[in-house]
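Structural features, examined
Take a look at the letters that make up each chain.
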Amino acid sequence: MNTFSRILALAAFAVAFVAAPVSAEDIKAGDLVITQAWARATPNGAKIGGGYLTIENKGTAPDRLLGGTGDIAGKMEIHEMAMDNGVMKMRPIDKGLTIEPGKTVKLAPGGYHLMMFDLKSPLKQGDKVPVTLEFEKAGKVTVSLDVQAVGAQAPGGGDKSGHGDHSGHMDMKKM
């Protein structure tokens, strides 16, 4: 190996070593980095489920999460839960969820989330459920939701009290 090849190999190694690591669960799509994709387990017979994830926009232009699809559900929408005069209400985000440049948007229980309708089978703790997210600029991105416990508040466990659970919203339509 000549001197130039050694320098080039050493430089490539140094760049790889100091570059920002992206874990196996992290997905890069254009300027977006998607992390912590998970869902809650559902009881047998449940027809809806919630999915959660974190989206970071490392670019200089906004992008928008428009919706999603997956074999597990007949339909998937972006929803928001928010307090309105002391009452927790849920509504679809019809025009998508904007991820501003340099910002991070977290889909989590009690806030923004993926709403999966007409589940074809229960979401079982320990499963990995593939879904395809659709972004205005980044396009279609497949992620795997790690299914946690029924009342989990975060990936890897958390609160099992059921707070923020969708079980009371089985018949909820657009508000």
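Criteria and cut-off values
- Residues numbered from 1 in each chain as written.
- Predicted model: local features only at pLDDT ≥ 70, side-chain atom pairs only at ≥ 80, totals over all residues.
- Heavy atoms only, no water.
- Phe/Tyr/Trp six-rings, centres within 6.5 Å; stacked < 30°, edge-to-face > 60°.
- Helix = DSSP H or I, 4+ residues; strand = E, 2+ residues; numbered from the N terminus.
- Buried < 20%, exposed > 50% of the residue type's maximum accessible area, 1.4 Å probe, protein only.
- Lys NZ or Arg CZ within 6 Å of the ring centre and 35° of its normal.
- Core = buried A, V, L, I, M, F, W, Y, C linked by side-chain atoms within 4.5 Å.
- Contact = heavy atoms within 4.5 Å.
- Salt bridge = Lys/Arg side-chain N within 4 Å of Asp/Glu carboxyl O.
- pLDDT = per-residue confidence, 0-100.
- Polar contact = N/O pair within 3.5 Å; in protein donor to acceptor, adjacent residues only side chain to side chain.
- Pairing = 2+ DSSP bridges.

Glancing now at the packing of aromatic side chains. One pass over the structure, following the stated rule, counts 1 aromatic pair. Between Trp38 and Tyr52, the aromatic rings sit 4.6 Å apart at their centres with planes inclined by 40°, giving tilted as the arrangement. Remark: Tyr52 occurs in strand β3 (residues 48-57) and Trp38 occurs in strand β2 (residues 32-40); sequence separation between them is 14 residues. Just as Trp38 is buried, Tyr52 falls in that class too. The lysine or arginine in question, Lys75, covers the ring of Phe117, its NZ or CZ lying 5.2 Å from the ring centre.

Further remarks concern unusual backbone geometry. Leaving glycine out, the prevailing phi sign among residues is negative, and the prevailing peptide bond configuration is trans. With phi around 55°, Asn85 is a residue other than glycine that occupies positive phi space. Following the sequence through the fold, Asn85 ends up in the loop between β5 (73-84) and β6 (87-92). Classification of Asn85 as exposed rests on a relative accessible area of 77%. The phi torsion at Asp118 lies on the positive side, around 55°, for a residue other than glycine. Among the structural elements, Asp118 can be located in strand β9 (residues 112-119).

The subject of this paragraph is the nonpolar core. Of all hydrophobic cores here, the largest spans 30 residues; its most connected members are Ile55, Leu65, Met116, Leu133 and Phe135. Elements supplying a minimum of two residues to this core: β2, β3, β5, β7 (97-99), β8 (104-107), β9, β10 (128-135) and β11 (139-148). With near-sequence residues (within four places) excluded, Leu65 lies in contact with Ile55, Ile78, Gly96, Leu97, Ile99, Leu107, Leu133, Glu134 and Phe135. With 5 residues, the next largest nonpolar core counts Ile48, Met81, Met115 and Phe117 among its residues.

The next thing to look at is the pattern of salt bridges. What the rule picks out here adds up to 5 salt bridges. The residue Lys75 makes a salt bridge to Glu77 at a minimum N-O spacing of 3.2 Å. The shortest N-O distance in the salt bridge between Asp84 and Lys89 comes to 3.3 Å. Given the relative accessible area of 35%, Asp84 is considered partly exposed.

One rule of thumb: low pLDDT means the predicted coordinates there are not for detailed reading. Chain-level statistics for the chain give a pLDDT mean of 81 and a share of 75% at 70 or above. A low-confidence stretch, residues 4-24 stays under pLDDT 50, and its non-local contacts, those more than four residues away or across chains, total 1 contact. Taken as a whole, residues 158-175 scores under 50 in pLDDT and shows 30 contacts with residues more than four places along the chain or in a different chain.

Another point: the environment of Asp146. If you trace the backbone, Asp146 turns up in strand β11. In the structure, Asp146 is positioned 20 residues away from Gly126 in sequence and 6.7 Å away in space, judged by C-alpha atoms. If sequence neighbours within four positions are ignored, Asp146 has contacts with Ala37, Trp38, Ala39, Asp127 and Lys128. There is a polar contact of 2.6 Å between the side chain of Asp146 and the side chain of Lys128.

A few words on the pairing of β10. Burial along β10 is one-sided: the face carrying Val129, Val131, Leu133 and Phe135 is buried and the face carrying Lys128, Pro130, Thr132 and Glu134 is not. Two elements, strand β4 (residues 63-69) and β10, share 4 bridges in a ladder whose sense is antiparallel. Across the sheet, residue Thr69 finds its bridge partner in β10, namely Thr132. As paired strands, β10 and β11 are joined by 8 bridges and run antiparallel to one another. Its bridge partner lying in β11, Pro130 is registered against Ser144. Adjacent in sequence and paired antiparallel, β10 and β11 are bridged by 3 residues.

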